[in-house]
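The lines below spell out each chain.
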Amino acid sequence: MSFISEINRRRTFGIISHPDAGKTTLTEKLLLFGGAINEAGAVKSNKIKKGATSDFMEIERQRGISVATSVLAFEYNGIKINILDTPGHKDFAEDTFRTLTAVDSVIVVIDVAKGVEEQTEKLVEVCRMRNIPIIVFINKLDREGKDAFDLLDEIEQKLGLRVTPLSFPIGMGYDFKGIYNIWEKNINLFSGNSRKDIEDTIEISDLDSEELNTLIGDTSANTLREELELVEGIYPKFNNKDYLNGDLQPVFFGSALNNFGVRELLDCFVEIAPKPRPKQSEERLVKPEENKFTGFVFKIHANMDPKHRDRLAFIKIVSGEFKRNTPYLHVRLNKKLKFSSPNAFFAEKKQIVDISYPGDIVGLHDTGNFKIGDTLTEGEAINYKGIPSFSPEHFRYINNADPLKSKQLYKGIDQLMDEGVAQLFTLDLNGRKVIGTVGALQYEVIQYRLEHEYGAKCTYENLNVHKACWIEPEDEKNEEFKDFKRVKQRFLARDKQNQLVFFADSLFSLQLTEQKYPSIKFHLTSEFK
Ligand code: G4P
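Residue positions are given per chain, counting from 1 as you read along its sequence in written order. Owing to the predicted nature of the model, reporting of local features is limited to residues with pLDDT of at least 70; listing and counting of side-chain atom pairs is limited to 80 or more, with chain, interface and lining totals taken over all residues. With hydrogens and water excluded, all non-hydrogen atoms of the structure serve as input to the side-chain values.

Caption draft 1: Spatial organisation of the overall build of the protein chain. What counts as a helix is a DSSP run of H or I of at least four residues, what counts as a strand is a run of E of at least two, and both are numbered from the N terminus. The number of helices and strands found in the protein chain is 14 helices and 31 strands. Whether a residue is buried, partly exposed or exposed follows from its accessible area with a 1.4 Å probe, protein chains only, as a fraction of its type maximum: under 20%, in between, or over 50%, in that order. Each of the 529 residues in the protein chain was classed as buried or not, and the buried ones make up 56%. A sequence separation of at least 24 residues applies to 71% of the contacts in the protein chain between residues at least 6 apart. Values of accessible area rely on a 1.4 Å probe in the Shrake-Rupley scheme; residue burial ignores everything except the protein chains shown. By element, 48% of the accessible surface of the protein chain is carried by carbon and sulfur atoms, the whole surface being about 23100 Å². A contact between two residues is defined here by any heavy atoms of the two lying within 4.5 Å.

Caption draft 2: Layout of a negative patch on the surface. What makes a patch is a set of residues exposed beyond 30% relative accessible area and free of salt bridges, joined within 9 Å when like-charged and within 5 Å when nonpolar (Val, Leu, Ile, Met, Phe, Trp, Tyr). For this document, the term salt bridge refers to a Lys or Arg side-chain nitrogen within 4 Å of an Asp or Glu carboxyl oxygen. The sign given to each residue is positive for Lys and Arg and negative for Asp and Glu; His and the chain ends receive no count. To locate a charge, take atom NZ for lysine, CZ for arginine, CG for aspartate or CD for glutamate. Taken together, the side chains of Asp-206, Asp-208, Glu-226, Glu-229 and Glu-232 make up a negatively charged region of the molecular surface. Relative to the helices and strands, Glu-226 resides in helix 8 (residues 218-234). With relative accessibility at 54%, the residue Glu-226 sits in the exposed group.

Caption draft 3: Broad picture of the side chain of Asn-139. Among the structural elements, Asn-139 can be located in strand 5 (residues 134-139). Take Asn-139: its relative accessible area is 4%, and that puts it in the buried class. In protein, a polar contact means a hydrogen-donor-capable atom and an acceptor-capable atom, both N or O and within 3.5 Å, with residues adjacent in sequence counting only if both atoms are side-chain atoms; elsewhere, any N or O pair within 3.5 Å suffices. Of the polar contacts made by the side chain of Asn-139, one reaches the backbone nitrogen of Ala-256; its length is 2.7 Å.

Caption draft 4: Main features of the confidence of the model for the protein chain. A score between 0 and 100, pLDDT records how confident the predictor is in each residue. Summing up the model confidence of the protein chain, the mean pLDDT is 87 and the portion of residues at 70 or higher is 88%. Confidence drops under pLDDT 50 across residues 48-56; counting only partners more than four residues distant or on other chains, this segment forms 15 contacts.

Caption draft 5: Region of interest: the site of the ligand. Of all residues adjacent to the ligand, which total 17 residues, the nearest are Asp-20, Lys-23, Thr-24, Thr-25 and Ser-255. The backbone of Ala-21 places a nitrogen or oxygen atom 3.4 Å from an oxygen atom of the ligand. With respect to the ligand, the side chain of Thr-24 contributes an N or O atom lying 2.4 Å from an oxygen atom. The protein chains hide 67% of the 710 Å² of surface that the ligand would expose on its own. The biggest single contributor to the shell around the ligand is helix 2 (residues 23-33), with 3 residues. In this classification, the charged set is Asp, Glu, Lys and Arg, the nonpolar set is Ala, Val, Leu, Ile, Met, Phe, Trp, Tyr, Cys and Pro, and all remaining amino acids, among them Gly, are polar. When its residues are assigned to classes, the shell around the ligand shows 4 nonpolar, 7 polar and 6 charged. For each residue, the test is whether any non-hydrogen atom lies within 4 Å of the molecule or strand; if one does, the residue is near.

Caption draft 6: Looking closely at helix 14 (residues 507-516). Burial in helix 14 covers these residues: Ser-509, Leu-510 and Thr-513. Down the axis, helix 14 shows its buried residues gathered within 105 degrees of arc, on one side only. Every exposed residue of helix 14 that faces more than 90 degrees away from the buried side is listed here: Phe-508 and Gln-515. The secondary structure elements touched by the buried residues of helix 14 are strand 28 (467-473), helix 13 (479-487), strand 30 (500-504) and strand 31 (520-523). It is the directions from the helix axis to the C-beta atoms that the arc portrays.

Shown next, in the form of structure tokens:
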């Protein structure tokens, strides 16, 4: 197959949802359709069970599973599908944000009863910022839930999306009769046996035909006709261009657990979802069809075995072909590296591959060369943008609890930060180290891993910080900026890239500071230029 055909047949996407909406179940059903697995229950949920916050075995178990499910690839009708795993747990939100830099589109799963939840809002906001094409799947139609139109309204309002349903439910919960597929113009009746068998679809080209009444009864048939008329009147017609630009979001209904409505979603997905998209680097826009290889690291996973401290760096291929045993330029280090055993991912297995194409993810064994955001190329010095750090939510001083092991401690902290577990700041005033995280759980993960993987011990001390703001002065030499640095010295720190950061102890003090120093901009993300 030619290089261009290989690119055109790839679809790399992520499934995002609030925990429990059904992401794992949907992933598993997609793999079943692709024939990549043949039994339900094969995809392990990577979520942290409730109440397991201080159970380290649980954290390790979760890490193990997330290595296995980082990328799940399968073939469907000649299309190579790469699903990138996105942890739903909010303490790992930063991991998900970074993974979203490597997807070409997403499917958002929403629970029909719970509607739009907090985590979905945050994740969809990131997708919208990047104009990532989104398909919405409303799940658990076998249960009582919100009215379909109310839910579509909620999605538009809370998520800021412009939706168009491509399927529509016939009843819900106890009365759930099936789904009318607006996209394919057919009906899929729910018999309750679909967990085992994939239900046949029935062509309905004319909604006014008596056949519809025979199939679902007079009342349901009339309601469906009215509802579909409303759908046509209210919502914009689907068009691929708006969807690909992130301006229009098709919606499907179904029940992942019952394997219902999933085939419709998948069939439409392979038809409309984008093939690998061009990516903006700091220097220029890079197109997948370019002959020379480029790619970037979006995720790093530490080895589960503490005796082997190598890690797996996940690279998304943006352009060209990635070949085994070929020297590539590590742009940040200005160093050529060669990889003898790059891993590709198939369903839940890893395999060494000789060649990978744009859209694919390869896992490279790394002994400490890579950081998240690093770029590999065939020689050109380009840097991919778009892996920002966001302000952490929690801040603590980290102290060395075993003075004989300070070297190990700093090495451990350094490597865990490169993996993106948390962010490290150094206070300007006294050089003390501060760890910032998205969730409190990370502190336990860090403490546990420092001890078990690096033989170092640490303790924490609370620090009252509301947000970390990256500072952009209008002019570094003006009096205002000098005054700011003098007055706020106690609250200034450097991130790992040595960028200046201001620790605001409350929203109020941040607002006051912004008013007092109007020529300085305060950003909640490290990427503002
Ligand atoms: P997540 O990855 O988004 O966190 O969700 P997951 O797929 O683990 O699903 C969360 C729960 O919702 C699971 O139940 C799952 O079986 C259930 N579920 C998923 N899809 C549907 C559906 O279409 N209908 C119904 N009724 N339930 C659905 P659980 O009890 O938490 O786990 P389990 O014991 O079933 O594994």
